[in-house]
Structures are given as structure tokens and as C-alpha cells.
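Below, each chain spelled out in residue letters.
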Amino acid sequence: WSMVPIYWGLVVSFSTTEALYRQPTSFFPQPFTLHFYRELLNGSTDVSRTFLFSIRNSVIQASAATAVTVAIALPAAYGFTRLAFRGAKLLLSVLVLTLAMPIYLVIIPLFQTASGMGLINTHVIIVAIYTAAAMPLAVWILRSHIASLPPDIESAARLDGASTAQVLLKIVWPLV
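Because the structure is predicted, anything quoted here is derived from the model rather than measured.

Basis of the calculations
Residues numbered from 1 in each chain as written. Predicted model: local features only at pLDDT ≥ 70, side-chain atom pairs only at ≥ 80, totals over all residues. Heavy atoms only, no water. Phe/Tyr/Trp six-rings, centres within 6.5 Å; stacked < 30°, edge-to-face > 60°. Helix = DSSP H or I, 4+ residues; strand = E, 2+ residues; numbered from the N terminus. Buried < 20%, exposed > 50% of the residue type's maximum accessible area, 1.4 Å probe, protein only. Expected span 1.5 Å × (residues − 1). Bend = angle between axes of the 7 residues up to and from the residue. Contact = heavy atoms within 4.5 Å. Axes fitted to C-alpha atoms, helices over the stretch in contact; angles between N-to-C directions. Parallel < 35°, antiparallel > 145°, perpendicular 65-115°, else oblique. Nonpolar A, V, L, I, M, F, W, Y, C, P; charged D, E, K, R; others polar. Core = buried A, V, L, I, M, F, W, Y, C linked by side-chain atoms within 4.5 Å.

Tallying each qualifying case throughout the model produces 4 aromatic pairs. Ring geometry for Trp8 versus Phe27: centroids 6.0 Å apart, planes at 65 degrees, classification edge-to-face. Here the residue Trp8 occupies a position in helix H1 (residues 4-13), and Phe27 occupies one in the loop between helix H2 (17-21) and helix H3 (35-41), the gap between them amounting to 19 residues. You can call Trp8 partly exposed: its relative accessible area is 33%. Between the aromatic rings of Phe80 and Phe85, the centroid separation amounts to 6.0 Å while the plane-to-plane angle is 40 degrees, which identifies the pairing as tilted. For Phe80, a relative accessible area of 15% gives the class buried. Members of the aromatic cluster, joined through ring pairs, are Phe14, Phe32 and Tyr37.

See below:
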């Protein structure tokens, strides 16, 4: 039942303008056309340019946020998994508890901070928000993956003279 609006949106998008007004309505696009998609992706109208600009921004922001999140979460997860330090369990618990924190709790202070720094309408603030939102889950998931790796692999690399950074980048990262 919930797929009906999605299906109908697809039917409309693959139909001609004349077919949309035809009675009785057809549940399959007749004739099938890609006209609306060509018009949307050719960049000749304001709507098309706005759409392509939005897609470009989304790709930039999502790619950057993913790269930054993994670059920060991987060493953190490795530290929580393989390095013994005081307060590790408490810190991990606090990190995981932030998953339950609603975004509405921090949205106003976040906006005020970004506004004060002149970062409104920039990729930087969006990437920072996405990274901050994804970080607890990324650390938690990567920690469980790293814990499933046998420590003997890392021991063998250390025996061959690898540093912790080399073990992380050349052994753990490719396996995770």
C-alpha cells in the first residue's frame, strides 16, 4: 500500500503530458517516454540548473562527510578495540548514548555557532554536521568489525616492524 504513491510517481514521470490528462487513466505509461528526465538533466531551464546544482552539492557533501567520518572513526574504533586505557568503557558508553540524542536538542545552538563563524550556506558546516551525526554509529560499527579480526594478524605485522599507524592503515583498514 505504501508503494502506490512511489509507483504512481514513476508512472507519471515516464508518461507524456497528453497521457496524464487522458481518461480513463492508465496504470502503465503509454507511450513510455524519457522526455521529462531529459528535460530535467539537460541544464537548459532554471529548474534543471537548480536540480543539477543540488545534486552536485549533495555528492560533494556526502562524499566529504563519509571520508572525514571514516578518517576519524577508524582510529577511534581501533583505540577502543585494541588499546587499553582508563575510562575506555565509560567513554564508549557516552559515545553510544549520543545515538539516542535527538537533533532538535542541538539544532539552535548549532545554527548560532555556524552563524557566528560565518559558515551558513557552506559545504563546511554541512559536512561537519553530517560527520558529527554519523560519528557515534561509525565508531560503534567499526569497533565491532575490528573486534572480529584476529589479533594475531596485527601481532605478525608488529613482529615485522610495523608501527601502530601502519598496522591500522595497511592491515586493519583493508580488512574492515
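The next point concerns helix H7 (residues 123-148). End to end, H7 covers 35 Å across 26 residues, agreeing with the expected 38 Å (1.5 Å per residue, within 8%). At Met135, H7 shows its largest kink, close to 45 degrees, and the proline Pro136 lies no more than four residues downstream. Burial in H7 covers these residues: Ile125, Val127, Thr131, Met135, Pro136, Ala138, Val139, Leu142 and Ile146. Buried residues in H7 make contact with helix H4 (46-82), helix H5 (88-97), helix H6 (107-116) and helix H9 (164-175).

With that out of the way, let us pick up the packing of H4 against H9. Interhelical geometry of H4 versus H9 gives an angle of 105 degrees and a closest axis separation of 11 Å. It follows from the interaxial angle that H4 and H9 lie roughly perpendicular. From H4, Val70, Leu74, Pro75 and Tyr78 reach across to H9, where they touch Thr164, Val167, Leu168, Val172 and Trp173. For the contact of H4 with H9, the class distribution of residues is 8 nonpolar, 1 polar and no charged.

Turning our attention to the nonpolar core. One finds Ala73, Tyr78, Val139, Ile146 and Val172 to be the most contacted residues of the largest nonpolar core, which totals 17 residues. Of all elements in the fold, only H4, H5, H7 and H9 reach the threshold of two or more residues within this core. Beyond its immediate chain neighbours, meaning those up to four positions away, Ile146 contacts Leu74, Ala77, Tyr78, Thr81, Arg82, Val172 and Val176.

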